[in-house]
Amino acid sequence: MHRIVLLGPPGAGKGTQAKRLAKELGIPHLSTGELLRAAASAGTALGREADGYMRQGRLVPDALVLGILRERLAAADAHRGFILDGYPRNVAQAQSLAEITPVEQVLYFEIPESVLVDRLSQRRNCPTCGTVYNLVTQPPRQSGRCDRDGTPLIQRTDDSEEAVRTRLAVYREATVPLLDLYRTQGLVRTVPAGGSVEEVDARVRAALH
Ligand code: AP5
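Counting starts from 1 at the beginning of each chain's written sequence and moves along it residue by residue. In view of the model being predicted, local features appear only for residues whose pLDDT reaches at least 70, and side-chain atom pairs are presented and counted only at 80 or more, with totals across whole chains, interfaces and linings using the full set of residues. Water and hydrogen atoms play no part in the side-chain values, which are based on all heavy atoms of the structure.

**Q** Requested: an account of the overall build of the chain, with residues and values cited.
**A** When its secondary structure is counted, the chain shows eight helices and seven strands. The globule rule used here is 2.2 Å times the number of residues to the 0.38 power, and the radius of gyration it is set against is calculated over C-alpha atoms. Here the C-alpha atoms of the chain give a radius of gyration of 16 Å, agreeing with the 17 Å that 2.2 N^0.38 yields for 209 residues. For the C-alpha atoms alone, the extent of the chain along its principal axes is close to 45 × 40 × 35 Å. We call two residues in contact when some of their heavy atoms are within 4.5 Å. In the chain, of all internal contacts separated by at least 6 residues, the share reaching a separation of at least 24 is 68%. Only the protein chains shown count as cover for residues, with accessible areas throughout obtained via the Shrake-Rupley method and a probe of 1.4 Å. Here the chain displays about 10400 Å² of accessible surface, and carbon together with sulfur accounts for 52% of that area. Charged residues are defined narrowly, with Lys and Arg counted positive, Asp and Glu counted negative, and His plus the chain ends left uncounted. Note on charges: their place is set at NZ of Lys, CZ of Arg, CG of Asp or CD of Glu. Between the centroid of the 27 positive side chains of the chain and the centroid of its 24 negative side chains there is a distance of 3 Å. Secondary structure elements are taken from DSSP: a helix is a run of H or I of four residues or more, a strand is a run of E of two residues or more, and numbering for both begins at the N terminus.

**Q** Provide a residue-level description of the side chain of His29, including the pertinent values.
**A** Along the chain, the position of His29 falls in strand 2 (residues 29-31). Think of it in three bands: residues with accessible area under 20% of the maximum for their type are buried, residues over 50% are exposed, and the middle band is partly exposed, with areas taken using a 1.4 Å probe on protein chains only. His29 sits in the buried class, given a relative accessible area of 16%. For the purposes of these results, a polar contact is taken to be a pair of N or O atoms within 3.5 Å, where, inside protein, one atom must be able to donate a hydrogen and its partner to accept one; residues adjacent in sequence count only when each atom of the pair is a side-chain atom. Side-chain polar atoms of His29 contact the side chain of Asp85, separated by 2.9 Å. Among all residues touching His29, those that are not within four sequence positions of it are Gly15, Ala18, Lys19, Ala22, Glu34, Ile83 and Asp85.

**Q** Tell me what's going on with the state of the cysteines, and back it up with residues and numbers.
**A** In plain terms, two cysteine sulfur atoms within 2.5 Å form what is called a disulfide here. Tallying each qualifying case throughout the model produces zero disulfides. Here Cys126 is not cross-linked by a disulfide; its sulfur's nearest cysteine counterpart is in Cys146, at 3.7 Å. For Cys146, a relative accessible area of 4% gives the class buried.

**Q** Describe empty space enclosed by the protein, and please don't skip the residues or the numbers.
**A** Using only the protein atoms, space was sampled on a 1 Å grid; points where a 1.4 Å probe fits but cannot get out form cavities, open sets with protein on both sides within 12 Å along at least five of seven lines form pockets, and lining residues are those with an atom within 4 Å of a point. Grid points are joined across faces, edges and corners, and a volume is the space filled by probe spheres set on the points. Throughout the structure, instances matching the rule amount to one cavity of 30 Å³ or more. For the largest cavity, the calculated volume is near 30 Å³. If you trace the largest cavity, you find it lined by Gln17, Arg20, Leu21, Asp201, Val204 and Arg205. Elements that contribute at least two residues to the lining of the largest cavity include exactly helix 1 (14-25) and helix 8 (197-207). Any residue that is not Ala, Val, Leu, Ile, Met, Phe, Trp, Tyr, Cys, Pro, Asp, Glu, Lys or Arg is counted as polar, Gly included; the first ten are nonpolar and the last four charged. Residues belonging to the lining of the largest cavity are distributed by class as follows: two nonpolar, one polar and three charged.

**Q** Could you give me a rundown of the pairing of strand 4 (residues 105-110), with the residues and numbers involved?
**A** Taking burial as the measure, the six residues of strand 4 include five buried ones, the bulk of the element. Direction of pairing for strand 1 (residues 2-7) relative to strand 4: parallel, over a ladder of four bridges. Its bridge partner lying in strand 4, Leu7 is registered against Tyr108. Between any two strands, at least two bridges found by DSSP are needed for them to pair.

**Q** Give me the lowdown on the site of the ligand, citing residues and values where you can.
**A** In these notes, residues near a molecule or strand are those with any non-hydrogen atom within 4 Å of it. Neighbouring the ligand are 36 residues, the closest being Thr16, Arg58, Arg89, Arg123 and Arg167. A distance of 2.8 Å separates a nitrogen atom of the ligand from a polar side-chain atom of Thr32. In the environment of the ligand, a nitrogen atom lies 2.8 Å from a nitrogen or oxygen atom belonging to the backbone of Gly86. Starting from 1000 Å² of accessible surface for the ligand in isolation, the protein chains cover 97%.

**Q** Before we move on, can you summarise the nonpolar core with the specific residues and values?
**A** Across soluble globular proteins, you tend to see nonpolar side chains buried next to one another. Definition of nonpolar core: a set of buried residues of the types Ala, Val, Leu, Ile, Met, Phe, Trp, Tyr and Cys, connected through side-chain atoms within 4.5 Å. Leu84, Leu97 and Tyr182 are the most contacted members of the largest nonpolar core, which totals 28 residues. Secondary-structure elements contributing two or more residues to this core are strand 1, helix 2 (32-42), helix 3 (45-56), helix 4 (62-73), strand 3 (81-85), helix 5 (91-100), strand 4 and helix 7 (161-184). Other than its neighbours up to four places away in sequence, Tyr182 contacts Leu7, Pro88, Ala94, Leu97, Val103, Val106, Leu187 and Val188. Core analysis: the next-biggest nonpolar cluster, separate from the first, contains 21 residues, Ala18, Ala22, Ile27 and Leu107 among them.

If you want it as structure tokens, here you go:
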């Protein structure tokens, strides 16, 4: 069974690769960022609370995220395995996860910061189906509209320059120590995340065991 965690800085391509891999392996892609954004646009109490943190690029409090993740992991499709994207993000979250389920493999997306800033400033999202575009590397066929459903594309509020700066700082402070912990447990395979989507895809497959 594949129980995979994707770790890496914002904009490294975790979501892009997770969607492809989930399709190939027939297991769900569980993104806490997507779950939180869905809660925020539905206007639930949890979503409204999370939204304030997300806009600033800060981590949503552990207890809120754990609740939403626990519920998602309990769904039937996650019993066959999963690709976790965006969780855990700090050592405490890894401990909470270990109490729910073991993790077999951690894929670390390694990439220089200069590339991330470019990728994030050029990212556009479809608010209807969640498809992720990039104005330079993966542009939509019709400018500003989703290829699948024609919805006008939006820019994530946390892709502003200021929020990206905060997200990178949070990554260095909270997530890098988690990477070190997983390394000591022998779970980490490094995936160089520069290059085209197809090149990274091939490296992800080669890294899986
Ligand atoms: P989340 O949604 O998880 O965001 P993130 O980790 O910052 O990651 P991103 O979605 O920005 O990037 P990605 O690596 O998925 O890159 P993508 O594939 O889109 O979290 C958002 C917020 O939610 C957090 O800041 C926090 O507030 C909250 N949150 C979530 N989980 C939490 C948790 N566990 N605890 C607390 N708070 C939590 O690609 C980026 C761009 O590059 C796209 O335009 C894409 O098209 C393009 N691209 C991708 N791959 C390539 C390539 N190989 N070549 C060229 N372009 C590429």
